[in-house]
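What follows is the residue order along each chain.
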Amino acid sequence: MFFLVLLRLLIGWHIFYEGMVKLLDPQWSSLGFLRQSNGPLSGFAQWIISNSSVLSITDFLNIWGLICIGLGLLTGLFAQVASIAGSLLIFIYYLNYIPFIDTPTILSDGSYLLVNKTLIEAVTLGVLALFPTSRIYGLDHFLYKNKNLNDGNK
C-alpha cells in the first residue's frame, strides 16, 4: 500500500508541476508538440493547430486538466477520477507521438521503441484507478467515511 500511495503522490506531483509550469509561462502553447504529432491523432492535431480558437481552448483545457488531475492525485480528493482522467489525457499525448524506429526523437533523455515514459505513466494511472489508495490515505477517506455513515443511517 505504501508504494501505491507513493506512486500516486509522485505521479500527482509530476502532472501538477507540468500544469503549473505551463500556466506560469505566458509563452507556452501546445502548438510545438501538436506540430510534431505523427501518431494516430496527427490529423486531429493538425485540425487543432489550424484554428487559433481551438488551439487556445486546447491549451486552457490542457493546463487546467493537468493541474486538477495533479491536485486530485496529490490530495487524494476524487483520486480515482483523477487517475482515470490522467490516464486518458496522457494516453492522448502518447497517441500523438508514438516512438517508432524511424520517428525522430523530441526527447533528450533516451531512445524508445513503442514503449516510453508517457505510455508507462498512462498505464500506471490506469492501475492506480483500480486501487483506491485515497480512501485510506487521502481526502477521499473523509468523503467515503461520511458516505458510509449516511448509508448506515438509512
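Notes on the structure follow.

So, how was this worked out
- Every chain is numbered on its own, with residues counted from 1 as its sequence reads.
- Totals for whole chains, interfaces and linings use every residue, but because this is a predicted model, local features are given only for residues with pLDDT of at least 70 and side-chain atom pairs only at 80 or more, for both listing and counting.
- No hydrogens and no water enter the side-chain calculation; it runs on all heavy atoms of the structure.
- Only DSSP runs of H or I with at least four residues qualify as helices, and only runs of E with at least two residues qualify as strands; both kinds are numbered from the N terminus onward.
- Under the scheme applied here, a residue whose accessible area is under 20% of the maximum for its type counts as buried, over 50% as exposed, and between as partly exposed, the area being computed with a 1.4 Å probe on protein chains only.
- Note on contacts: a residue pair qualifies if any of its non-hydrogen atoms lie within 4.5 Å across the two residues.
- Shrake-Rupley sampling with a 1.4 Å probe provides the accessible areas, and residues are treated as covered by the protein chains on show and by no other component.
- For patch building, the residue pool is restricted to those with more than 30% relative accessible area and no salt bridge; the joining distance is 9 Å between like charges and 5 Å between nonpolar side chains (Val, Leu, Ile, Met, Phe, Trp, Tyr).
- Within this document, salt bridges are pairs made up of a side-chain nitrogen of Lys or Arg and a carboxyl oxygen of Asp or Glu, the two lying within 4 Å of each other.
- Interaxial angle, 0 to 180 degrees, is taken between N-to-C directions of lines fitted to C-alpha atoms, where a helix line uses only the stretch in contact.
- Between 65 and 115 degrees an angle is taken as roughly perpendicular, under 35 as roughly parallel, over 145 as roughly antiparallel, and anywhere else as oblique.
- A clockwise turn of the near helix away from the far one marks a right-handed crossing, whereas an anticlockwise turn of less than a right angle marks a left-handed crossing.
- In this classification, the charged set is Asp, Glu, Lys and Arg, the nonpolar set is Ala, Val, Leu, Ile, Met, Phe, Trp, Tyr, Cys and Pro, and all remaining amino acids, among them Gly, are polar.
- Points on a 1 Å grid over protein atoms alone make up a cavity when a 1.4 Å probe fits among them but cannot get out, and a pocket when they form an open set with protein on both sides within 12 Å along at least five of seven lines; lining residues each have an atom within 4 Å of a point.
- Grid points are joined across faces, edges and corners, and a volume is the space filled by probe spheres set on the points.

**Side note on the overall build of the protein chain**
Logical step 1: From N to C terminus, the protein chain includes 7 helices and 0 strands.
Logical step 2: Relative to its full complement of 154 residues, the protein chain shows a buried share of 33%.
Logical step 3: Expressed as a percentage of contacts within the protein chain between residues at least 6 apart in sequence, the contacts between residues at least 24 apart total 73%.
Logical step 4: Accessible surface, the protein chain as shown: approximately 9500 Å² in total, 70% of it carbon and sulfur.

**Regarding a nonpolar patch on the surface**
Logical step 1: A cluster of nonpolar side chains, Leu23, Leu24, Ile57, Phe60, Leu61 and Trp64, forms an exposed patch at the surface whose accessible area comes to about 630 Å².
Logical step 2: Only helix H1 (2-24) and helix H4 (52-75) provide two or more residues apiece to the nonpolar patch.
Logical step 3: If you tally residues by element for the nonpolar patch, the top one is H4, at 4 residues.

**Details of the environment of Tyr17**
Logical step 1: Locating Tyr17 in the fold gives a position in helix H1.
Logical step 2: Residue classification places Tyr17 among the partly exposed residues on the basis of a relative accessible area of 46%.

**Some thoughts on the packing of H1 against H4**
Logical step 1: Relative orientation of the contacting elements H1 and H4 amounts to 150 degrees, with a least axis distance of 7 Å. As judged from the angle between their axes, H1 and H4 are roughly antiparallel. Classified by chirality, the crossing of H4 by H1 is left-handed. Between H1, through Arg8, Leu9, Ile11, Gly12, Trp13, Ile15, Phe16, Glu18, Gly19, Met20, Lys22 and Leu23, and H4, the contact on the second element is made entirely by Asn62, Ile63, Trp64, Leu66, Ile67, Ile69, Gly70, Leu71, Leu73, Leu74 and Thr75.
Logical step 2: By residue class, the composition of the contact of H1 with H4 is 15 nonpolar, 5 polar and 3 charged.

**Side note on the environment of Thr118**
Logical step 1: By secondary structure assignment, the location of Thr118 is in helix H6 (residues 117-130).
Logical step 2: Separated by 31 residues in the primary sequence, Thr118 and Ser87 place their C-alpha atoms 9.7 Å from one another.

**Brief notes about empty space enclosed by the protein**
Logical step 1: What the rule picks out here adds up to 1 cavity of 30 Å³ or more.
Logical step 2: Roughly 40 Å³ of volume is contained in the largest cavity.
Logical step 3: Taken together, Arg8, Ala79, Gln80, Ser83, Leu128, Phe131, Pro132, Thr133 and Ser134 form the lining of the largest cavity.
Logical step 4: In terms of residues, the lining of the largest cavity owes the most to one element, helix H5 (residues 79-96), which gives 3 residues.

**As for the pattern of salt bridges**
Logical step 1: Evaluation of the coordinates by the stated rule reveals 1 salt bridge.
Logical step 2: When the shortest N-O distance is used, the salt bridge between Glu18 and Lys22 registers 2.9 Å. You can see Glu18 and its partner Lys22 sitting in helix H1, 4 residues apart, about one turn around the helix.
Logical step 3: In this structure Lys22 comes out as buried when scored by relative accessible area, which is 14%.

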